[in-house]
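Listed here are the chains, written in short residue letters.
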Amino acid sequence: MTHQQMLDLIQQLNEYSYAYHVKDTPIVPDAVYDRDYRQLQEIETEHPEWIQHDSPTQRVGEKPDSGFLNVAHTVPMLSLDNAFDNNSLADFDQRVRKLLNADNLVYCCEPKLDGLAISLRYEEGRLVRGVTRGDGLSGEDITSNIKTLYSVPLKLRTGTPPAVLEVRGEIYMPKEGFEKLNALAIKQGDKAFVNPRNAAAGSLRQLDPKITATRPLVMCAYSIGYVEDWNQPESHYDGLMQLSEWGFRTNDLMKRVEGATGCIEYYEMLNEKRTDLSYDIDGIVYKVDQISLQNQLGFIARAPRWAIARKFPAQEEMTRVVGIDFQ
Ligand SMILES: NC(=O)c1cnc(OC2CCCC2)nc1N
């Protein structure tokens, strides 16, 4: 195999992985992926000097020798104000329209994923760092663990990348993966995790990436942070569409609506669907869609004036029946 053939094989494997882990639409059977992956491992063993940063074999590396370092966020990761009923949603809309002297606003509605917030930094299109939210101003550098997630692109998938791009998102553990992980933990006499959010946090805090690599974690992008040398789309929604093109997973229930009425309708719709979702959510995040209006509104303390979360009533802590058949 030539060097170019190896590069083509990496591109091919990364496309298979994008289809499977980001678009939920596998384009080849697992056996084909595994066969090509093994072929890549062989050629990289023969030619270590050919190894590429975005090769899927580079996702699981060694432990960081000095634990997780603390890193300051280029742009703070904000917290969110909460709205607990439809009236306060309407108040939010009224307040924002008043500040903007606007009649009717378009909001982007997103399920509020119940996981851990993360910030990914790409330089010239390559993943260089993944940092937890921490206190919003700085967080832990868990890049070695982040790279093990197939839903995190090691390199932006298309086009000319920005010089610097920071992407914010949530890392979560889908319910099915959580149940299987706990069933295994109990079988092995280990402690079970209380809920998928704790399981995701515990999996990302593992010092050894080889352990994190075995955990069913997913990253979903939900906002663009600091960028350099890129004309960001004017709409938040369009920005997330661009992230999807670049290889990030976005939430397929995301939707643009008009005004408080649209936000309340979306809440009713999602509240109906909530228990059927394959992942935990604890509410909805509503964002003013136009970036120029977001910038005009700015933030109060660390929460943006232009976004608000609407929480669902806490689900009574269902004792999750873990699928174990007692013999
Ligand atoms: N947990 C989520 O799913 C989620 C959290 N936060 C945000 O947006 C924050 C980021 C910038 C201000 C609002 N969106 C989300 N979808």
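For clarity, every value in this text was computed on a predicted model and none was experimentally measured.

Parameters and conventions
Residues numbered from 1 in each chain as written. Predicted model: local features only at pLDDT ≥ 70, side-chain atom pairs only at ≥ 80, totals over all residues. Heavy atoms only, no water. Helix = DSSP H or I, 4+ residues; strand = E, 2+ residues; numbered from the N terminus. Rg over C-alpha atoms; globule rule 2.2 N^0.38 Å. Contact = heavy atoms within 4.5 Å. Buried < 20%, exposed > 50% of the residue type's maximum accessible area, 1.4 Å probe, protein only. Pairing = 2+ DSSP bridges. Axes fitted to C-alpha atoms, helices over the stretch in contact; angles between N-to-C directions. Salt bridge = Lys/Arg side-chain N within 4 Å of Asp/Glu carboxyl O. Core = buried A, V, L, I, M, F, W, Y, C linked by side-chain atoms within 4.5 Å. Expected span 1.5 Å × (residues − 1). Near = heavy atom within 4 Å. Areas by Shrake-Rupley, 256 points an atom, 1.4 Å probe, with all protein chains shown as cover. Nonpolar A, V, L, I, M, F, W, Y, C, P; charged D, E, K, R; others polar.

Engineer: With reference to specific residues and values, describe the overall build of the protein.
Structural biologist: For the protein, the count of helices and strands is 10 helices and 13 strands. The C-alpha atoms of the protein give a radius of gyration of 21 Å, which matches the 20 Å a tight globule of 327 residues would have. Dimensions of the protein, computed from C-alpha atoms along their principal axes, come out at roughly 65 × 60 × 40 Å. Taking as baseline every contact in the protein between residues at least 6 positions apart, the subset at least 24 positions apart corresponds to 76%.

Engineer: Requested: an account of the pairing of strand 3 (residues 106-113), with residues and values cited.
Structural biologist: For strand 3, a buried count of seven out of eight residues is recorded, marking the element as mostly surrounded by other parts of the structure. Bridge count between strand 3 and strand 9 (residues 255-258): four bridges; the pairing is antiparallel. Across the sheet, the residue bridging to C109 is K255, located in strand 9. Relative to strand 10 (residues 281-288), strand 3 runs antiparallel, the two being bridged by six bridges. From the neighbouring strand, L113 faces strand 10, where its bridge partner is I281.

Engineer: Quick rundown of the sheet that holds strand 3? Include the residues and the values.
Structural biologist: Taken in spatial order, the five strands make up an open sheet running 2-13-10-3-9, and their pairing is mixed. Of all strands in the sheet, those bounded by a partner on one side alone are strand 2 (82-83) and strand 9. Where helix 3 (residues 86-100) meets the sheet, it contacts strand 2, strand 3, strand 10 and strand 13 (307-311), and its direction lies at approximately 175° from that of strand 13. Along the sheet, helix 8 (residues 236-246) makes contact with strand 3, strand 9 and strand 10, crossing strand 3 at roughly 50°.

Engineer: Residues and numbers for the pattern of salt bridges, please.
Structural biologist: Opposite charge on two side chains makes pairing possible when the charged atoms of those side chains draw close. For the coordinates displayed, the defined rule picks out 15 salt bridges. As a salt-bridge pair, K287 and E110 come within 2.9 Å of each other at their nearest N and O atoms. Highlighted residues: K287 in strand 10 and E110 in strand 3, separated in sequence by 177 residues. The exposure class assigned to K287 is buried, which follows from its relative accessible area of 6%. By relative accessible area, E110 is classed as buried at 5%. Across the pair D282 and K311 runs a salt bridge, and its minimum N-O distance is 3.9 Å. Taken as a pair, D282 in strand 10 and K311 in strand 13 lie far apart in primary sequence, 29 residues in all. One salt-bridge network, held together by shared partners, links R121, E123, E166 and R168.

Engineer: Please give an account of the nonpolar core that cites residues and values.
Structural biologist: L120, I146, M219, L243 and F248 are the most contacted members of the largest nonpolar core, which has 33 residues in total. Where this core is concerned, the elements lending two or more residues are strand 4 (116-123), strand 7 (164-172), helix 5 (175-187), helix 6 (196-204), strand 8 (218-228) and helix 8. If near-sequence neighbours (up to four positions away) are discounted, I146 is found in contact with I118, L120, L127, G130, V152, I171 and L204. In this structure, C220, Y266, Y286 and L297 belong to the second largest nonpolar core, which totals 30 residues.

Engineer: Can you lay out the environment of L7 for me, pointing to particular residues and giving the numbers?
Structural biologist: Within the secondary structure, L7 is located in helix 1 (residues 3-22). Distance in space between the C-alpha atoms of L7 and D54 is 9.9 Å, their sequence separation being 47 residues.

Engineer: Can you tell me about helix 5, naming the residues and giving the values?
Structural biologist: With 13 residues, helix 5 should cover 18 Å at 1.5 Å per step; its first-to-last C-alpha distance of 18 Å lies within 8% of that length. Looking only at helix 5, the buried set comprises K175, G177, F178, L181, N182, A183 and A185. Where the residues of helix 5 are buried, they touch helix 6. Looking one or two residues beyond helix 5, the residue adopting positive phi is G189, at roughly 75°.

Engineer: Help me get a handle on the site of the ligand, residues and values and all.
Structural biologist: Around the ligand, the neighbouring residues are L80, E110, P111, K112, L113, E170, Y222, V285, K287, P304 and W306. Against a free-state accessible area of 390 Å², the protein chains account for coverage of 91% of the ligand. Elements with a contribution of two residues or more to the shell around the ligand: strand 3 and strand 10. Per-element accounting of the shell around the ligand gives the leading share, four residues, to strand 3. Looking at the shell around the ligand residue by residue, the class counts come to seven nonpolar, no polar and four charged.

Everything listed here is a matter of geometry and, on its own, says nothing about what the molecule does.
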